[in-house]
Amino acid sequence: MTGGSSLRLLRRYARHARMEPYKNWSRAELVARLQQLDPHHDRPRPDREPLRQAKPFDFHAYPRRKIALKFTYNGIHYGGMEWQRDPALPTVEGVLFDALVHTKLRCGRTDKGVSAGGQVVSLWVRGNANAKASAEEVAGNVEVEPSIPVAETRDSPDDGPGLEGDFGLMSDFDEPPTNASVPSQPPTQESEAPESDNPAFVYKLNHILPPTIRILAWSPVADDFSARRSCRWRHYKYFFSPHGLDLAAMSDAAARLVGEHDFRNLCKVDASKQLTVFTRRILHASVDPADDGLYVFNLRGNAFLYNMVRHIMAVLLLVGTGLERPAVVSALLNADPARPLAPFRADEPAPPLVAGKPEYIIADPLPLVLWECGYDAGALDWRVDPPRADAAAGDSAKSPLRGMMCAHERAVLGAALEAHFLSAAEAHHVQPRPYFPVGAPGVERLPEGAMMSLPLGGGMVKRAAVYTPLLERKRMLTPEEVNERYRLGRGAKKLERRAAIAGNGGADDDGDE
């Protein structure tokens with residue numbers, strides 16, 4: 001028994017021993033005992049003045065301005081980017097909104113486990129407190145526009161697939177489908193704050209936010225700027241260990257993604273969206289070396305589908321093990337019989353048609369990072385809080401770097417400790433034999449009936465004794481079948497409500513994304 005367990009048992013026994021004498025006492029006896037222990041129980045207590053209610057802060061009494069915030073967050077600590085009705089974990093958007101309210105600024109999105117290094121959110125905030133405005137001039141709701149849209153709010157836990165997906169306790173997509181972006185206009189002179197106005201957004205928010213969310217910079221933006229609609233492209237990074245993987249084969253498979261393709265076999269279909277178009281354009285895809293012996297899958301595209309990055313990475317990892325050939329990516333992209341794909345190379349046959357998605361487990365969300373969001377030139381002018389004129393030399397209290405450096409050092413120390421624990425275990429246990437990549441020099445052949453560990457990224461594996469090639473696996477329902485089931489089943493009422501809203505001119509602009 002560990003020391004912690006023993007201590008807990010001792011405390012439980014001590015509490016039980018202290019309460020044992022009072023177990024059979026009557027109510028009158030217990031009250032008398034309490035009066036005995038409190039000699040001043042019969043003294044009259046002075047009347048306390050009621051607490052003065054704080055005057056509510058009237059945001060509509062102040063002018064407002066639209067800004068964009070760039071921030072980073074570690075997704076492992078949160079239940080997603082977007083606000084949820086009853087989250088099991090706090091969401092990034094919820095924590096950020098609370099900080100905006102706390103700082104009287106008031107007022108993007110990924111999912112549980114997914115982090116961001118360059119997330120962008122646009123929002124209306126309170127302007128200069130010295131310049132009052134009438135409520136009519138600033139009437140309307142505060143608008144928050146993240147660079148990644150969220151699934152529309154569920155009216156009940158039974159509406160749509162909800163946010164219970166495979167990120168664990170968060171919605172299950174790298175990013176909801178986005179079909180278009182709108183051009184960004186540079187911020188006008190009116191939308192920019194005067195030089196004398198130093199809002200110190202970075203410091204004020206970082207002072208309130210937990211250290212796992214850091215505001216990096218802010219920018220004045222035009223009134224029609226939208227972090228989501230104005231975004232031209234997004235860049236994702238997925239970090240992984242190259243141990244036991246054929247990196248050349250993974251690079252070959254990644255190259256087949258570039259261009260405009262149908263990704264229905266490399267995403268999760270959200271029936272509540274009733275999507276019929278799964279074509280997306282990938283601008284760049286590569287497998288590159290990163291720091292500390294790791295590699296990174298870089299993927300940049302104009303739009304993405306549910307879990308699209310993690311589906312792609314799962315297939316790349318299978319290719320890296322040698323259990324799949326790079327051509328399997330071409331086959332999975334050949335999903336539309338009306339637009340058959342040509343051979344990727346002249347010496348390859350035409351890829352087979354794969355009209356239904358094979359069953360497979362998607363990659364772990366931990367190493368996935370939304371790295372950067374791209375906008376038109378001049379749409380953003382990133383700024384940080386200027387140092388005070390009378391500030392002494394040394395670390396700036398307004399900079400988030402010192403805290404982030406400390407967090408990085410603790411993470412490095414944690415990794416070093418894990419390495420030492422592993423070394424201690426190796427003194428008593430034999431290391432697993434390498435079976436991947438299959439057929440590589442120095443790699444043993446997997447004995448018949450032996451268990452193998454299929455990599456899922458993020459240090460996660462799936463144990464299996466038999467591997468079935470992707471194209472020989474059971475096929476899931478096609479998007480058309482998924483959509484029809486939803487229309488005829490639990491989604492019927494929701495679709496009626498959406499149609500009614502659209503008829504009144506209030507359609508949700510996320511409805512078809």
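So, a few notes on the structure that sits alongside this text. Every chain begins its residue count from 1, and numbering advances along the sequence as written. Note on the predicted model: pLDDT of at least 70 is required for a residue's local features to be given, and 80 or more for side-chain atom pairs to be given and counted; whole-chain, interface and lining totals, by contrast, use all residues. In computing side-chain values, all of the structure's heavy atoms are included and hydrogens and water are not.

Let's talk about the packing of aromatic side chains
Part 1 of the reasoning: In summary, the pairing rule links any two rings of Phe, Tyr or Trp, Trp by its six-membered ring, whose centres are within 6.5 Å, and it sorts them by plane angle into stacked for under 30 degrees, edge-to-face for over 60 and tilted for everything else. In the structure shown here, the tally under the stated rule is five aromatic pairs.
Part 2 of the reasoning: Residues Phe 201 and Trp 218 carry aromatic rings whose centres are separated by 4.9 Å and whose planes lie at 80° to one another, so their mutual orientation is edge-to-face. Residue Phe 201 is found in helix α4 (residues 201-208), and its partner Trp 218 is found in strand β4 (residues 213-220); the two are separated by 17 residues along the sequence.
Part 3 of the reasoning: By relative accessible area, Phe 201 is classed as buried at 1%.
Part 4 of the reasoning: When a residue's accessible area, from a 1.4 Å probe over protein chains only, is under 20% of the maximum for its type it is buried; when over 50% it is exposed; and in between it is partly exposed. For Trp 218, a relative accessible area of 4% corresponds to the buried category.
Part 5 of the reasoning: Ring centres 6.4 Å apart and planes at 40° place the aromatic pair Phe 240 and Tyr 295 in the tilted group. With Phe 240 in strand β5 (residues 233-240) and Tyr 295 in strand β8 (residues 295-301), this pair connects stretches of sequence that are 55 residues apart.
Part 6 of the reasoning: Given a relative accessible area of 23%, Tyr 295 falls into the partly exposed group.
Part 7 of the reasoning: Above the ring of Trp 233, the side-chain terminus of Arg 300 is found at 5.1 Å from the ring centroid.
Part 8 of the reasoning: Should the NZ of a Lys or the CZ of an Arg lie within 6 Å of a ring centre and within 35 degrees of the ring normal, that charge is described as sitting over the ring. Cation over ring: Lys 357 sits above Tyr 360, and NZ or CZ is 5.6 Å from the ring centre. Numbering of helices and strands runs from the N terminus, with a helix taken as a DSSP run of H or I at least four residues long and a strand as a DSSP run of E at least two residues long.

Thoughts on the nonpolar core
Part 1 of the reasoning: We call a set of buried residues a nonpolar core when its members are Ala, Val, Leu, Ile, Met, Phe, Trp, Tyr or Cys and they connect through side-chain atoms within 4.5 Å of each other. Of all hydrophobic cores here, the largest spans 79 residues; its most connected members are Leu 257 and Phe 297.
Part 2 of the reasoning: In terms of residue count, helix α6 (residues 308-321) provides more of this core than any other element does, 10 residues in total.

Examining the pairing of strand β11 (residues 460-464)
Part 1 of the reasoning: When DSSP locates at least two bridges between a pair of strands, those strands are taken to pair. Direction of pairing for strand β10 (residues 452-457) relative to β11: antiparallel, over a ladder of five bridges. Paired with Ser 453 across the bridge in β11 is Arg 463.
Part 2 of the reasoning: The turn linking β10 back onto β11 is made up of two residues, and Gly 458 within it adopts a positive phi angle of 65°.

Considering a nonpolar patch on the surface
Part 1 of the reasoning: A cluster of nonpolar side chains, Leu 401, Met 404 and Met 405, forms an exposed patch at the surface whose accessible area comes to about 280 Å².
Part 2 of the reasoning: Of note, Leu 401 is situated in helix α8 (residues 401-426). Like charges are joined within 9 Å and nonpolar side chains (Val, Leu, Ile, Met, Phe, Trp, Tyr) within 5 Å, but only among residues with over 30% relative accessible area and no salt bridge; these make up the patches. Shrake-Rupley sampling with a 1.4 Å probe provides the accessible areas, and residues are treated as covered by the protein chains on show and by no other component. Counted as salt bridges are all cases of a side-chain nitrogen of Lys or Arg within 4 Å of a carboxyl oxygen of Asp or Glu.

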